[in-house]
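Listed below are the residues making up each chain.
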Amino acid sequence: MGTPLLEHDRKAGEVWKCLASVTDPELDEAVTELGFIEHVTVDDNDGVDIVFRLPTYWCSANFAFLMADDMRKAVSSLPWVREARPRLRDHMVAEEINRGVREGKPFGEALRDFAPGGSLDELREKFHRKAFERRQEFMILALRGVGFEDPAICRMDLRSFDDIDFHAEEVARQKARYRQILAERDLGALPGDRAFVTYEGRPIRPHEMTSYLQRLRGVRINMEFNSALCRGLLAARNGEPDVDKAGGASHAACAACGSGCAGQPVALPVVSAEKHSIVPS
C-alpha cells in the first residue's frame, strides 16, 4: 500500500519541478513562485491535471495561453506522463484557452474571435529579451559588488565567469539562469566566449556600461513593479494577506493595487498595459 503512494508522491514532485521551469513571460518568474498553480493531480493512468489561476479575470489572454502551453510542454517532457492537461480557471477566455491548448492549436486559431490571425512569436521574442536583460543586469551588478570593474566585466569570458564563487545562494541561482538564457540565445557556450554581450550578440564596451545599465535598470523596475502588482492582485483575489518571502507581513498596501509597492523605496515606472491586452503588441 505504501509503495504506490510513494510512487505517486515522486511523480507529483517531478511535475512540480517541471512547472518551476515555466515562467510568466512578462515577469520572468516561475509560475510556482508567483502562486499561480492551485493544485496538481496525477491519475492512475499517468495523466496529469494542472489547475492554475491568474491574478485577475481579465489577465492578458496571450500570456495565459503561453503559460498554459508551456506547462503542457514542460510536464509532457517527463517520460512517464501520458497526457498533461493544464486548466486555467476563473478567466474571461478560459474555455477557449483550455480547449486550444488541449487540442494543440496555435494561439490565433484557438482565440480567433479575440485575436484573428494573431501570432505569439513576436511576443515570445520580446519577453525573452526582457528576461535576458534582467538576468544580465543582476549578474553585472553582482560582479561589481564583489569588486570587478567594468573593463574586466566587459572582457570576461565564460571560463572566468564560471570560476567565480559568489558565496550566496540567490546569486548562484541567478548565475545558472543567466547561463541558461545565454545558451538558449546561442550567445555563449564555449569557455572562450564573452560572458557579457548585448541581446544581439554585440560586445559591451566599458565606456557604454553606465548608459547600458541605466536602460537595463528600467527593464528591471518595470518587471518588479508588475510582479508586485500581480502578487497583490492574486492575494486579494484569493482573500489572503500579501506576504513577503520571509513569511512576514508585506509593506502597507496602496489603494491602487494592494501590492505593497507604496512601501518600496523606488521610483515607480509607467505601468505597461500589456497585462490587460489581448492582441500582441
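In what follows, the accompanying structure is described.

Reading the values: the criteria
- One numbering rule holds for all chains: residues counted from 1, following each sequence as written.
- Only residues with pLDDT of at least 70 are given local features in this predicted model, and only at 80 or more are side-chain atom pairs given and counted; all residues enter the totals for whole chains, interfaces and linings.
- To get the side-chain values, take all heavy atoms of the structure and skip hydrogens and water.
- Every helix listed is a DSSP run of H or I at least four residues long, and every strand listed is a run of E at least two residues long, numbered separately from the N terminus.
- A helix is expected to reach a length of 1.5 Å times the quantity of its residues less one.
- Three labels apply to residues, based on accessible area from a 1.4 Å probe with only protein chains included: buried if under 20% of the type maximum, exposed if over 50%, partly exposed otherwise in between.
- In this context, the arc is that of the directions from the helix axis out to the C-beta atoms.
- Whether two residues are in contact is decided by their heavy atoms: any pair within 4.5 Å suffices.
- Under this scheme, a helix contributes an axis fitted over its contacting stretch, all axes are lines through C-alpha atoms, and angles between N-to-C directions fall in the 0 to 180 degree range.
- For classification purposes, an angle smaller than 35 degrees is called roughly parallel, one larger than 145 roughly antiparallel, one from 65 to 115 roughly perpendicular, and anything else oblique.
- For a crossing to be left-handed, the near helix must be turned anticlockwise from the far one by less than a right angle; the clockwise case is right-handed.
- For this classification, Asp, Glu, Lys and Arg are treated as charged, while Ala, Val, Leu, Ile, Met, Phe, Trp, Tyr, Cys and Pro are nonpolar and the rest, including Gly, are polar.
- Salt bridges, as used here, are contacts in which a Lys or Arg side-chain nitrogen is within 4 Å of a carboxyl oxygen on Asp or Glu.
- For this text, the term disulfide refers to a pair of cysteine sulfurs within 2.5 Å.
- In this analysis, rings of Phe, Tyr and Trp, with Trp reduced to its six-membered ring, are considered paired at centre separations within 6.5 Å, and the interplanar angle assigns stacked below 30 degrees, edge-to-face beyond 60, and tilted for intermediate values.
- Buried Ala, Val, Leu, Ile, Met, Phe, Trp, Tyr and Cys residues form a nonpolar core when they are joined through side-chain atoms within 4.5 Å.
- DSSP bridges decide pairing: two strands pair if at least two such bridges lie between them.

Comments concerning helix α9 (residues 169-184)
Here is step 1 of the chain: The terminal C-alpha atoms of α9 lie 23 Å apart, and with 16 residues this matches the ideal 22 Å at 1.5 Å per residue to within 8%.
Here is step 2 of the chain: The complete set of buried residues in α9 reads Val171, Gln174, Lys175, Arg177, Tyr178, Ile181 and Leu182. Down the axis of α9, the buried set is contained in an arc of 165 degrees. They therefore lie on one face.
Here is step 3 of the chain: Where α9 is buried, its residues touch β1 (23-24), α6 (121-145) and α8 (158-163).
Here is step 4 of the chain: A positive backbone phi angle near 60 degrees is found at Asp186, which sits one or two residues after α9.

Re the packing of α6 against helix α10 (residues 209-237)
Here is step 1 of the chain: Packing of α6 against α10 leaves a shortest axis separation of 9 Å and a crossing angle of 120 degrees. Considering their axes alone, α6 and α10 lie oblique with respect to each other. By crossing handedness, the relation of α6 to α10 is classed as left-handed. Seen from α6, the contacting residues are Lys130, Glu133, Arg134, Gln136, Glu137, Ile140, Leu141 and Arg144; seen from α10, they are Met209, Tyr212, Leu213, Arg215, Leu216, Arg217, Val219, Arg220, Asn222, Met223 and Glu224.
Here is step 2 of the chain: Residues that form the contact of α6 with α10 fall into these classes: eight nonpolar, two polar and nine charged.

Quick word on the pattern of salt bridges
Here is step 1 of the chain: As enumerated under the stated definition, the model contains 27 salt bridges in all.
Here is step 2 of the chain: With its nearest N and O atoms 2.6 Å apart, the salt bridge here joins Arg220 to Glu137. You can see Arg220 sitting in helix α10 and its partner Glu137 sitting in helix α6, a full 83 residues away along the chain.
Here is step 3 of the chain: Of the charged contacts, one joins Arg144 and Asp150 as a salt bridge, the two residues approaching to 2.9 Å between their closest N and O atoms.
Here is step 4 of the chain: With relative accessibility at 34%, the residue Arg144 sits in the partly exposed group.
Here is step 5 of the chain: On the basis of relative accessibility, which here comes to 17%, the residue Asp150 falls in the buried class.
Here is step 6 of the chain: A single network of salt bridges, built from pairs that share partners, joins Glu38, Arg53, Arg89 and Asp90.

Side note on the state of the cysteines
By definition, a disulfide links the sulfur atoms of two cysteines through a covalent bond.
Here is step 1 of the chain: Under the counting rule described, the total for this entry stands at zero disulfides.
Here is step 2 of the chain: Looking at Cys59, it has no disulfide partner, and the nearest cysteine sulfur is the one in Cys230, 5.9 Å off.
Here is step 3 of the chain: According to the relative accessible area criterion, Cys59 is buried, its value standing at 6%.

Regarding the packing of aromatic side chains
Here is step 1 of the chain: One pass over the full model with this rule turns up seven aromatic pairs.
Here is step 2 of the chain: Pairing Phe161 with Tyr178 gives two aromatic rings, centres 6.0 Å apart and planes at 85 degrees, and the pair type is edge-to-face. Pair noted here: Phe161 is in helix α8 and Tyr178 is in helix α9, with a separation of 17 residues, a long-range link. One exposure class covers both Phe161 and Tyr178, and it is buried.

Comments concerning the nonpolar core
Here is step 1 of the chain: Val15, Val48, Met71, Val75 and Ile97 are the most contacted members of the largest nonpolar core, which totals 43 residues.
Here is step 2 of the chain: Ignoring any residue separated from it by four or fewer positions in sequence, one finds Val15 in contact with Val40, Val42, Val48, Val75, Leu78 and Trp80.
Here is step 3 of the chain: Judged by nonpolar contacts, the second largest core, of 27 residues, contains Ile140, Ile164, Leu187 and Leu213.

A closer look at the pairing of strand β3 (residues 37-42)
Here is step 1 of the chain: Both β3 and strand β4 (residues 47-52) contribute to a ladder of five bridges, which runs antiparallel. Bridge pairing in β4 places Ile37 opposite Phe52.
Here is step 2 of the chain: The hairpin turn running from β3 into β4, its antiparallel successor, is four residues long, and Asp46 in that turn takes a positive phi close to 65 degrees.

Concerning the packing of helix α3 (residues 61-76) against α6
Relative orientation and spacing of two packed helices are given, respectively, by the angle between their axes and the distance between those axes.
Here is step 1 of the chain: Contact geometry for α3 and α6: axes closest at 11 Å, N-to-C directions at 85 degrees. The angle between α3 and α6 falls in the class roughly perpendicular. Judged by residue contacts, Asn62, Phe63, Leu66, Asp69, Asp70 and Lys73 of α3 engage Leu123, Arg124 and Phe127 from α6.
Here is step 2 of the chain: When the residues that make up the contact of α3 with α6 are grouped by side-chain class, the tally is four nonpolar, one polar and four charged.

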